[in-house]
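Spelled out, the chains give:
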Amino acid sequence: MRNREKKTYFCEVRKALPLSTKTEKRIKLKLNISTPGEFNFVRELPHDGVGLLRTEFLFMGRNLPPAEEEQYRMYKRILHENRKKPVVVRVLDIGSDKRPSYFKIPEGTNLDLGLRGAMAVEKFPHIYLAQMKALLRANVSSNLHLLYPMVSDLNDLETFRNVLSEAKKALEKDNINIAGVKIKEGVMIETPAAAMMIDILLEEIDFVNIGSNDLLQYTLATSRGNTQVEGRYHIMHPALLKFLERIAREGKKSGKEVCLCGEIASFEEFYPLLLEIGIKSFSVAASKFSDIKCELLYLQQSRDKIPVAEFYKLGSKEQVDEYFRRFM
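Note that the structure is a prediction, hence the values are computed from the model and not measured.

What counts, and at which threshold
- Residues numbered from 1 in each chain as written.
- Predicted model: local features only at pLDDT ≥ 70, side-chain atom pairs only at ≥ 80, totals over all residues.
- Heavy atoms only, no water.
- Helix = DSSP H or I, 4+ residues; strand = E, 2+ residues; numbered from the N terminus.
- Buried < 20%, exposed > 50% of the residue type's maximum accessible area, 1.4 Å probe, protein only.
- Contact = heavy atoms within 4.5 Å.
- Areas by Shrake-Rupley, 256 points an atom, 1.4 Å probe, with all protein chains shown as cover.
- Salt bridge = Lys/Arg side-chain N within 4 Å of Asp/Glu carboxyl O.
- Axes fitted to C-alpha atoms, helices over the stretch in contact; angles between N-to-C directions.
- Parallel < 35°, antiparallel > 145°, perpendicular 65-115°, else oblique.
- Left-handed = near helix turned anticlockwise from the far one by under 90°.
- Nonpolar A, V, L, I, M, F, W, Y, C, P; charged D, E, K, R; others polar.
- Core = buried A, V, L, I, M, F, W, Y, C linked by side-chain atoms within 4.5 Å.
- Pairing = 2+ DSSP bridges.
- Right-handed = clockwise from strand over helix to strand, strands pointing away.

A few words now on the overall build of the chain. On a plain count of helices and strands, the chain comes out with 15 helices and nine strands. Across the 328 residues that make up the chain, the buried fraction comes to 52%. Long-range contacts, defined here as pairs at least 24 residues apart, represent 70% of the contacts in the chain between residues at least 6 apart. Element-wise, carbon and sulfur atoms account for 49% of the exposed surface of the chain, whose accessible area totals about 15,500 Å².

What follows is the structure in structure tokens.
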């Protein structure tokens, strides 16, 4: 059991300092933002940027999609308030747990398999076009990092880029000049296909975010939130960690940022393992930010080498639990 008083001491003395590993490589800790009510944390917490702005809150609970102007005002607010730091904005990501009522979807469609990412863009292009136009208009400080969800290959990436190109042309036609405004593009790695294609995808984009929730779901062929599944599989499954290590390795090779923003980034006990496999950028909910920073401050002083190879040999949830009891 760690000495809690020692950890608390490190947190209090060093909480204003930047994070780094023992080799002084910078660790980034960012914020996930899901609702307008969380925007205040952008000013209050010593973060390295918004690692994931989920835009679904703008589209839910209404009968019609938000107009471009409404979106523009919202995006401008968060981009302006955070203008000296990157803001990663995820393009609308629909799913079984976030389906706007005005999306007319054929009965029986499995939203977790049959209409995600680029497939949704192709079915509802006008909605994504309005969102892209609003984001481009709001990007006056050039701190927009545009994130495409559920990309599994280059064809998916091209679908999103086609809409972005159309948005630029539409703004030019309206005499809105965005020629000098910079933008970075990234993809969410949340399918096994994307994890295996990571080296190819990194050649085409500027950064990646890892969506561990969906990546675990599709890796294990199980639905999220199923209590029966949760009783059988550990959230940090060895297969998931292998994917994470591969993504981190390829990110390091390409010199491009790999940020983990899924649920597993909320668990302090996973960080020794995540750092060991090479992940150096994390994005977490505001409610977990201080606890996670405290953990990272402590680890940069006291981290011992973690036996990753042993973790990969574990064959059950109980063995994974025991591993974390022993080493974390």
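Moving on from the coordinates now.
Below, the discussion takes up the pattern of salt bridges. Per the counting criterion, the structure on display carries 23 salt bridges. Among the ionic pairs, D93 bridges to R90, the shortest N-O distance being 3.9 Å. Grouping residues by exposure puts D93 and R90 together as buried.

Packing of helix α3 (residues 68-81) against helix α5 (residues 125-138) brings their axes to within 8 Å, and their N-to-C directions diverge by 40°. With respect to their mutual orientation, α3 and α5 come out oblique. Every pair of crossing elements has a handedness; the one defined by α3 and α5 is right-handed. Residues E68, E69, Q71, Y72, Y75, K76 and L79 of α3 form the contact with α5, whose own contacting residues are A130, Q131, K133, A134, L135, R137 and A138. Of the residues that constitute the contact of α3 with α5, the class distribution is seven nonpolar, two polar and five charged.

The backbone of M150 shows a phi angle near 55°, a positive value even though the residue is not glycine. Among the secondary structure elements, M150 is positioned in the loop between β5 (144-148) and α6 (154-173). Given the relative accessible area of 9%, M150 is considered buried. Positive phi is not limited to glycine here, since N175 has a value of about 65°. Within the fold, N175 resides in the loop between α6 and β6 (184-189). Judged by relative accessible area, N175 falls into the exposed class, the value being 71%.

This brings us to the nonpolar core. Y148 and L244 are the most contacted members of the largest nonpolar core, which has 93 residues in total. The element that contributes the greatest number of residues to this core is α5, accounting for seven residues. For L244, the residues in contact, after removing those within four places along its chain, are I210, L215, I264, L274, I277 and I279. Residues L52, V88, M188 and F207 belong to the second largest nonpolar core, which totals six residues.

Counted residue by residue, strand β9 (residues 281-285) has four buried out of five residues, so it is predominantly covered. Alignment of strand β2 (residues 26-33) against β9, held across five bridges, turns out to be parallel. Opposite K28, over in β9, you have S281 as the bridge partner. Both strand β8 (residues 257-260) and β9 contribute to a ladder of two bridges, which runs parallel. What sits directly across from C259, in β9, is S281. In this fold, β8 hands off to helix α12 (residues 271-276), which returns the chain to β9; that crossover is right-handed.

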